[in-house]
Amino acid sequence: MRQWPSTIDEFQSCSIKGFLSTGLKFLDTASELPIEEFEERRTRLAKALVADGIDAFIAEPGYTFKYYANISQPEWEVWEPEERPFLMVVQPSVNEATGEITPFTRFLAPSFEVERARLLDMPFKDELLFVPWEEHWNPYETLRKSWRHLSAHASVGPKIMVDDEMRDFIQRGLGENGFEVVGLGGEVECVKQTKSSREIEIIRAVNTGTVEAIRAMRKCMYPGLTENQVMNVLDATIRAAGLEPFFDIVLFDDNASNPHGGTNGSKILEAATFVLIDVGTHLYGYSSDVCRTFFPPFFPQPITESEIRSLPALTREKLKVWDIVLEAQSQSINALHAGNTAASVDIAARDVITKEGYGDAFTHRVGHGIGIKAHESPYLNKGNLQTVLKAGMTFTSEPGVYLLDKFGVRHEDIFLVKETGEPELLSGKRAIGPWDP
């Protein structure tokens, strides 16, 4: 008979050892992004700005700034987001003779911070260009006075696009000083939604690794563990491969009837406990976001129909719902095709769950885009009839059923939309059953 771990230290050692025994082959194709990747992104952005009739794209440190210039908000301001604007300004430059479009990038920065900004080692081959402003100046007026070339919208000032990370006071400051400010959309929004081959390999690595860590950890679980203890050991297991967890939701039985929990993590693991784990990690700045629902390894798997019938009614319902949610995920995958709407993917999964009588218990959208952010556009909900899927987009598929005071089930994997054919799985392998997640 197998001997299960009996202490937290044994549990963690078993989990990490099992994870490392996979050889971590999922890491082989992923690597840190080169300067060329960021140059290509900014060139695509410049072309998108021309297509959308926009004079410039402006971002402050955050996920979008990270995408185009590899600097996050904490990397710029380790203390907190502050009131002094530091902005990246990307304008398209069109060669009138050849029609070639290239990005012209500058940074609006406080004068005393310019040298620190230079030291950030942002991914540019050419020397960085700055528009410095003194503390007693209006930074937005300073940027407007420095504007390169006449705007195509000269009568109303340069037309600039910002995204949802841009804080309100900065948007207002730009708008009050000669800029026409519009929100993210059009071809510009599509730039970050469509992943390069390098991005895809990082997304594949971080999500496959996260799933493998869950599987390795599960094999070492023993009775009496709390949700928090499982969370802590899973986090340590993930870190053993060089991945960094940034959220980890571990829920047992009725605690999982609320999709994102909210309880204190003290519930105890027993034999027939349904375990729901939703976890996200980072690798080279890219996110995983996967979910598995399973029984612990010390709960014997019924083999025959007679054994299944002899299970308590609640356990039989767990098995039934687990299968329904897996089929819902399968049908959502079948809809993840270029040319389909985002809504169609949600509806495909929702129809399965509704026909089985659990429609009211599927309480959230079926998925979302994923990349440098765990949750990014486009969003797969039944009302999103406007967004058409394109090759190169990456999505979660995560249908779920949540039964109050009973249990919750969610399966979540990552998929790449292809030019033709079925979407490509980027999280290793899908769950097979409650004993093989």
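Residues numbered from 1 in each chain as written. Predicted model: local features only at pLDDT ≥ 70, side-chain atom pairs only at ≥ 80, totals over all residues. Heavy atoms only, no water.

Another point: the packing of aromatic side chains. Enumeration over the complete set of coordinates arrives at 17 aromatic pairs. When the ring of F65 is compared with that of F107, the centres are 6.1 Å apart and the planes differ by 45 degrees; the resulting orientation is tilted. In this pair, F65 is assigned in helix α3 (residues 63-69) and F107 in strand β3 (residues 101-110), connecting sequence segments 42 residues apart. For F107, a relative accessible area of 0% puts it in the buried group. Where F86 meets F107, the ring centres are 5.9 Å apart and the plane angle is 20 degrees; that geometry is what we call stacked. Of this pair, F86 sits in the loop between α4 (73-76) and β2 (87-94) while F107 sits in strand β3; the two residues are 21 residues apart in sequence, bridging distant segments of the chain. The exposure class assigned to F86 is buried, which follows from its relative accessible area of 2%. Put simply, the rings of F65, W76, F86, F107, F124 and F130 touch in pairs and so form one group of aromatic residues. The lysine or arginine in question, R41, covers the ring of F38, its NZ or CZ lying 5.0 Å from the ring centre. We note R116 situated over the ring of W76; from NZ or CZ to the ring centre the distance is 3.9 Å. (Phe/Tyr/Trp six-rings, centres within 6.5 Å; stacked < 30°, edge-to-face > 60°. Helix = DSSP H or I, 4+ residues; strand = E, 2+ residues; numbered from the N terminus. Buried < 20%, exposed > 50% of the residue type's maximum accessible area, 1.4 Å probe, protein only. Lys NZ or Arg CZ within 6 Å of the ring centre and 35° of its normal.)

Looking at the element boundaries, S288 is found in the loop between β9 (286-287) and β10 (290-294). Residue S288 is classed as buried on the basis of its relative accessible area of 0%. Here T210 takes part through its side chain, which lies 2.8 Å from a polar atom of the side chain of S288. A polar side-chain atom of S288 sits 2.8 Å from the main-chain amide nitrogen of T281. (Polar contact = N/O pair within 3.5 Å; in protein donor to acceptor, adjacent residues only side chain to side chain.)

The next thing to look at is the state of the cysteines. Across all of its chains, the model carries one disulfide by this definition. Between the sulfur atoms of C14 and its disulfide partner C220 the distance amounts to 2.0 Å. Between C14 and C220, the S-S torsion sits near -75 degrees, and that sign places the bridge as left-handed. Highlighted residues: C14 in helix α1 (residues 8-20) and C220 in the loop between α9 (197-218) and α10 (227-239), separated in sequence by 206 residues. (Disulfide = S-S within 2.5 Å.)

Moving on, we come to the side chain of E60. Here E60 is to be found in the loop between β1 (56-59) and α3. Residue E60 is classed as buried on the basis of its relative accessible area, which comes to 9%. Within the local environment of E60, its side chain forms a polar contact with the side chain of R167, the two groups lying 2.8 Å apart. Those residues in contact with E60, other than ones at most four positions away along the chain, are F65, F86, L87, E165, M166, R167 and I170. (Contact = heavy atoms within 4.5 Å.)

Scope: geometric values only; no functional claims are made or implied.
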